[in-house]
Amino acid sequence: MTDETVSVPPSEGRKPDLPPPMSVSGPWAWMRENLFSSPLNIALTILSLLLLYLIIPPLVAWATTLATWVFPTEVIVGDRSPRSSDCPDGACWLFVRARIGQFLFGFYPEPERWRVILSFVLGAIGIYGLLGGPARFRKYAAIFFFVVFPIVSFWLLRGGLGLMSVPTEQWGGFMLTLVIALVGIVLSLPFGILLALGRRSNLPVVHLLCVIFIEFVRGVPLITVIFMANIMLPLFLPPDMQVNVLLRVLVGTTAFVSAYMAEVIRGGLQAIPKGQFEGAMALGLGYWGVMRLVILPQALRISIPSIVNTFIGFFKDTTLVSMVGLYDFLNMVKTGFKDANWVGVEITGFAFCAAVYWVCCFSMSRYSMHLERKLHTGHKR
Amino acid sequence: MTPPTHAKSARELEIGTDVMVELSGVNKWYGQFHVLKDIDLTVYRGERIVVCGPSGSGKSTMIRCINRLEEHQRGKIVVDGVELSHDLKHIEYVRREVGMVFQHFNLFPHLTVLENLTLAPIWVRKMPKKEADAAAMHYLERVRIPEQAHKYPGQLSGGQQQRVAIARSLCMNPKVMLFDEPTSALDPEMIKEVLEVMIELAQSGMTMLCVTHEMGFARTVANRVIFMDFGEIIEQNTPEEFFNNPKSDRTKLFLSQILHH
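These figures come from a predicted structure and were not determined experimentally.

Reading guide: rules and limits
Residues numbered from 1 in each chain as written. Chains lettered and ligands numbered in written order. Predicted model: local features only at pLDDT ≥ 70, side-chain atom pairs only at ≥ 80, totals over all residues. Heavy atoms only, no water. Disulfide = S-S within 2.5 Å. Buried < 20%, exposed > 50% of the residue type's maximum accessible area, 1.4 Å probe, protein only. Contact = heavy atoms within 4.5 Å. Buried area = accessible area lost by both parts, 1.4 Å probe. Salt bridge = Lys/Arg side-chain N within 4 Å of Asp/Glu carboxyl O. Pairing = 2+ DSSP bridges. Helix = DSSP H or I, 4+ residues; strand = E, 2+ residues; numbered from the N terminus. Axes fitted to C-alpha atoms, helices over the stretch in contact; angles between N-to-C directions. 1 Å grid on protein atoms, 1.4 Å probe; cavity = no way out; pocket = protein on both sides within 12 Å on 5 of 7 lines; lining within 4 Å. Points joined across faces, edges and corners; volume = space filled by probe spheres on them. Nonpolar A, V, L, I, M, F, W, Y, C, P; charged D, E, K, R; others polar.

(A) The state of the cysteines, seen in detail. All names here are of chain A. Applying the stated criterion across every chain yields a total of one disulfide over all chains. Put simply, cysteine 87 and cysteine 92 are joined by a disulfide, and their sulfur atoms are 2.0 Å apart. Residues cysteine 87 and cysteine 92 share a disulfide whose torsion about the S-S bond is about 50°; that sign makes it right-handed. Taking relative accessible area as the criterion, cysteine 92 reaches 4% and is therefore assigned buried. Its sulfur unpaired, cysteine 361 is 6.5 Å from the next cysteine sulfur, which belongs to cysteine 360.

Now the structure itself:
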């Protein structure tokens, strides 16, 4: 019986494997091949280096050495409030420092802000348990994140039952951005899966409903969906029923990202060979068993890059909620520009905004790469 | 392919009198194309049937109808006393009791070998995980690759993957095993290891229906060889009679093509 995968055994007559010569490996070879392989390539390399030299150092200086980081003494002592003229040159980080509370929490009352922090810490613990923690705790992490966390954090954020009530009109800043993004991201995955399965279903009614939903929501700009959710949702509800603006927006954005997610997942489902369905069905698994145990794990794995791509796009699109008067992170920063004390700090404000969004999106991107590597089981298709 | 000598005994195995699979007047069409024409076939417990015939003759379609991977449009298929109809309960019962091995293995690439084997026992038979693991290891030993239990299918050779696929079916403790060209996608040096496992399975008394071009296997273990062409069963006989004394011209032509290439 030949059980080992075939490999040639090292034998007497075989020549030994030698390391490759310096000219084909190592940093010098890489540079020669990629940067200096032809006259044109050499010219482009030098030009690029020159451009980088012209751009990067001034930018770094603007953000660090030239920037103002520390409040003047009279502000610290309390004689006056800080203003943009305290920043002579470079980035005015004083603007960010002075207003960071609003940027992060919006108009959330200051003594209650611990509740926001606490609920996001709980969320972070849940996400860690779900995605990065040890496998044996994953079940509890899932129950915590999908059942306990939404209830507790809603109570913490909204108040009531012993906590001071904070209406959603006072929510804002980065916290609001995170709420909208998290709700959309977490709900869009199950809805997207159901819509994708529905679209591939043999049942004509289910199929038709899913197609109509997906094509309609996907064919309309997000801004329109938000407006429509804001204006049209109340028309379908009894007149005495007041639906909160944030809730309306959440319904709209979640529907929007779910439609995109459905198509991403459908693409993944389409890539699974027919043999996988047959193999699973031949073992006696029913439709949901086949999907849950065999097809979806594979389809979701190959869709990870597109799923995360959708999430990243959606995370940035949450800024559109400012169109219906919600103060998300970007809108909150822009509001700061209107302050008479802070004239001409737009560049700093937008740079700060960009940096925060970039850190969030880049972390998602890195995590998806890590996940892809982790789930790679060396299978060929 | 020279069959191992100990396999001779497989030919003398007892065949029961109870019917495991019965096809009567089965017809099937793919659109306008009539794939199966009035198929009548009765398989008794313990029978080892080899189905052969040129490609496109409907042999794969026929055995895929037996666990309803394909739907027949006319006629009747009864497996272990249960008739295949649109009733999902019946279909799922038949699929639980009938194992199937495919040409391209169809192992689940995201699960380890052990998880591939225990998936159906745990989720379909509701077996406790420990018990399912033990059963899986038993069958992996039977197909001689227990040491691969924690690898992924993508890390195994074709022959090993096919043996895992056989073990996966056996874990459901099936009453009938269907083989759909199990060695056709394998490199020549791996065909033998799969056939050996199939021969042992036949010796254990399993009811088997094999679509295969391995005529050595047919001679060694089959008690009946069926020849199909153009969607019909042209001829069926014991291997001796079938190979030495074929009745129809089409069978003679087919045999001359596959035996003297």
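That was the structure; now back to the text.
(B) The arrangement of the interface of chain A and chain B in detail. Across the boundary between the two partners, chain A contributes 26 residues, which contact 34 residues of chain B. Both sides of the chain A and chain B interface together cover about 2,500 Å² of buried area, and 60% of this is carbon and sulfur. Here chain A and chain B share one salt bridge between them. In this structure, Glu278(A) and Arg64(B) form a salt bridge, with 2.6 Å as the shortest nitrogen-oxygen distance.

(C) The arrangement of the sheet that holds strand β8 (residues 207–211) of chain B in detail. All names here are of chain B. Overall, mixed pairing links the six strands, which are arranged β6-β7-β8-β3-β9-β10 in an open sheet. If you trace the sheet from one side to the other, it starts and ends with β6 (98–101) and β10 (232–237), each paired once. With strand direction ignored, the average angle separating the axes of adjacent strands in the sheet is 20°. Here strand β3 (residues 48–52) pairs with strand β9 (residues 224–229) via four bridges, running parallel. The partner of cysteine 52 across the bridge, within β9, is phenylalanine 227. Contacts between helix α6 (residues 188–203) and the sheet are confined to β3, β7 (176–180) and β8, with β8 contributing the most and set at about 145° to the helix.

(D) Representation of the layout of surface pockets. What the second largest pocket holds in volume is close to 1,100 Å³. Considering the residues around the second largest pocket, the lining is formed by 28 residues, among which Asn202(A), Phe277(A), Met281(A), Tyr287(A) and Met291(A) are closest to the centre. Elements with a contribution of two residues or more to the lining of the second largest pocket: α7 (173–199), α11 (274–282) and α12 (287–317) of chain A together with α2 (88–97) of chain B. Within the lining of the second largest pocket, the residues separate by chemical class into 14 nonpolar, five polar and nine charged.

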